[in-house]
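# Summary of the model geometry
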Amino acid sequence: MITKENIEGLLSNSGDVLSQDGNKIGSIGQIYVDDDTAQPNWVTVKTGLFGTSESFVPLEGARIEGNDIVVPYEKDLVKDAPKVDVDGHLEPAEEDRLYTHYELGGGGRTYTDATTGADTGTAGTGTGRFDKEDTSGSVGHDTSGPTTDDAMTRSEERLNVGTEKQATGRARLRKYVTTENVTQTVPVRREEVRIEREPITDANRGDAQAGPDISEEEHEVILHEERPVVEKESVPVERVRLDKETVTDEVTVDEEVRKERIDTDGIDDTRR
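Residues numbered from 1 in each chain as written. Predicted model: local features only at pLDDT ≥ 70, side-chain atom pairs only at ≥ 80, totals over all residues. Heavy atoms only, no water.

Along its length, the protein carries six helices and eight strands. What you see in the protein, going N to C, is helices and strands ordered as α-β-β-β-β-β-β-α-β-α-α-β-α-α. Within the protein, the proportion of its 272 residues that are buried is 22%. With an accessible surface of roughly 23,100 Å², the protein has 45% of that area assigned to carbon and sulfur atoms. (Helix = DSSP H or I, 4+ residues; strand = E, 2+ residues; numbered from the N terminus. Buried < 20%, exposed > 50% of the residue type's maximum accessible area, 1.4 Å probe, protein only. Areas by Shrake-Rupley, 256 points an atom, 1.4 Å probe, with all protein chains shown as cover.)

Of all eleven residues in strand 2 (residues 24–34), nine are buried; the element is thus mostly enclosed. Two strands pair when backbone bridges link them, and strand 1 (residues 16–18) and strand 2 are joined in this way by three bridges, in the antiparallel orientation. Across the sheet, residue Leu-18 finds its bridge partner in strand 2, namely Lys-24. In sequence, strand 1 turns back onto strand 2 through a hairpin of five residues, with Gly-22 there showing a positive phi of about 90°. (Pairing = 2+ DSSP bridges.)

Turning our eyes to something else, we now look at the pattern of salt bridges. This structure, assessed with the given rule, holds ten salt bridges. The salt bridge partner of Glu-157 is Arg-258, with a shortest N-O separation of 2.9 Å. In this pair, Glu-157 is assigned in the loop between helix 5 (133–136) and helix 6 (205–208) and Arg-258 in the segment after helix 6, connecting sequence segments 101 residues apart. We classify Glu-157 as partly exposed; its relative accessible area is 32%. (Salt bridge = Lys/Arg side-chain N within 4 Å of Asp/Glu carboxyl O.)

Next up on the list: the side chain of Ser-19. Relative to the helices and strands, Ser-19 resides in the loop between strand 1 and strand 2. Judged by relative accessible area, Ser-19 falls into the buried class, the value being 2%. Separated by 2.3 Å, the side chains of Ser-19 and Asp-21 make a polar contact. In this structure Ser-19 touches Ile-25, Val-70, Val-71, Tyr-73 and Glu-74, once residues within four positions along its chain are discounted. (Polar contact = N/O pair within 3.5 Å; in protein donor to acceptor, adjacent residues only side chain to side chain. Contact = heavy atoms within 4.5 Å.)

Here the focus is a nonpolar patch on the surface. A surface patch of nonpolar side chains, about 460 Å² in accessible area, is lined by Leu-159, Val-161, Val-251, Val-253 and Val-257. The residue Val-161 is located in the loop between helix 5 and helix 6 in this model. By relative accessible area, Val-161 is classed as exposed at 55%. (Patch = residues over 30% accessible without salt bridge, like charges linked within 9 Å, V, L, I, M, F, W, Y side chains within 5 Å.)

What follows deals with the layout of surface pockets. Taken as a whole, the largest pocket spans an internal volume of roughly 650 Å³. By residue class, the composition of the lining of the largest pocket is four nonpolar, four polar and six charged. (1 Å grid on protein atoms, 1.4 Å probe; cavity = no way out; pocket = protein on both sides within 12 Å on 5 of 7 lines; lining within 4 Å. Points joined across faces, edges and corners; volume = space filled by probe spheres on them. Nonpolar A, V, L, I, M, F, W, Y, C, P; charged D, E, K, R; others polar.)

The subject of this paragraph is helix 3 (residues 92–102). Listed in full, the buried residues belonging to helix 3 are Glu-94, Glu-95, Asp-96, Leu-98, Tyr-99 and Tyr-102. Directly after helix 3, the chain includes Glu-103, whose backbone phi takes a positive value near 55°.

The next thing to look at is a negative patch on the surface. Among the surface-exposed residues, Asp-35, Asp-36, Asp-85, Asp-87 and Glu-91 lie close enough to one another that they form a single negatively charged patch. Mapped onto the elements, Asp-36 comes out in the loop between strand 2 and strand 3 (40–47). (Lys, Arg positive; Asp, Glu negative; His and termini not counted. Charge placed at Lys NZ, Arg CZ, Asp CG, Glu CD.)

On to the packing of aromatic side chains, then. Scanning the entire structure with this criterion turns up three aromatic pairs. Between Tyr-32 and Phe-56 the ring centres are 5.0 Å apart and the planes differ by 70°, which places this aromatic pair in the edge-to-face class. Note that Tyr-32 is positioned in strand 2 and Phe-56 in strand 4 (residues 53–58), a separation of 24 residues in sequence. Of the residues examined, Tyr-32 reaches a relative accessible area of 0% and is grouped as buried. (Phe/Tyr/Trp six-rings, centres within 6.5 Å; stacked < 30°, edge-to-face > 60°.)

With 27 residues, the main nonpolar core has Trp-42, Val-43, Val-57, Ile-69, Val-71 and Tyr-102 as its most contacted residues. At the level of elements, helix 1 (4–12), strand 2, strand 3, strand 4 and helix 3 are the ones that each hand at least two residues to this core. (Core = buried A, V, L, I, M, F, W, Y, C linked by side-chain atoms within 4.5 Å.)

In this section: the pairing of strand 3. Across the eight residues of strand 3, seven count as buried, placing the element largely inside the fold. As paired elements, strand 2 and strand 3 share five bridges and run antiparallel to each other. Its bridge partner being in strand 3, Ile-31 is matched across the sheet by Val-43. Counted between consecutive antiparallel strands, the loop separating strand 2 from strand 3 contains five residues, among which Ala-38 sits at a positive phi close to 60°. In this sheet, strand 4 lies alongside strand 3 in antiparallel orientation, the contact comprising six bridges. The partner of Lys-46 across the bridge, within strand 4, is Glu-54.

Coordinates in, geometry out; function isn't part of it.
As structure tokens, then:
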């Protein structure tokens, strides 16, 4: 059960409204309390794009889990709830429409039934938005919308610039075969026949007269020559690999940021 003591903590911790199965319906917007009992009975849920739409959800049967509120309704039922202006107060007729949509009291009981005649004997005055000003005793109030506290918060946008790594290209090594002509001169040797004649002397006379006086003879000599022999072999000549290096450039970012300024009206802000 959600009590009045839980409200400020729920509003200040930026929690969410969850369905019974734990799915997020939206973020907590505002909490409305009964005008007579001051007990919380409705919460608005910020839904839609950027939380621009708020839907009312009854707190009957809801419970707190951490900073979140768990309600016994599905997201689609909440999003289809009757559109009621989030203007700080719910009239009894508006609560009747919400009672009917969520089938509170078994579906046959409206807010008017719960606050008049048979139930209490008095007419209900409606439900109002919970404002911290009502309990904190702060000086002044917010004239532009819901009352927050005794101070105005000034905010500004700040530029947070970082980097992210993106793939910009791909490099690969590919090996292929080409053919080229190689010309190389190689010296080769060959044998040629040369006739040598020598006169008959006392030294060779014996060899010259060793055979028959007159005869037929035939001498033969084998000639040789060198010819080029070509062989090819594959030999490694170098190794090639891919490597990466990081270089640093400077990029100037130019962006607009917004700042809130606070002006005073009706007071003398001159420092003395």
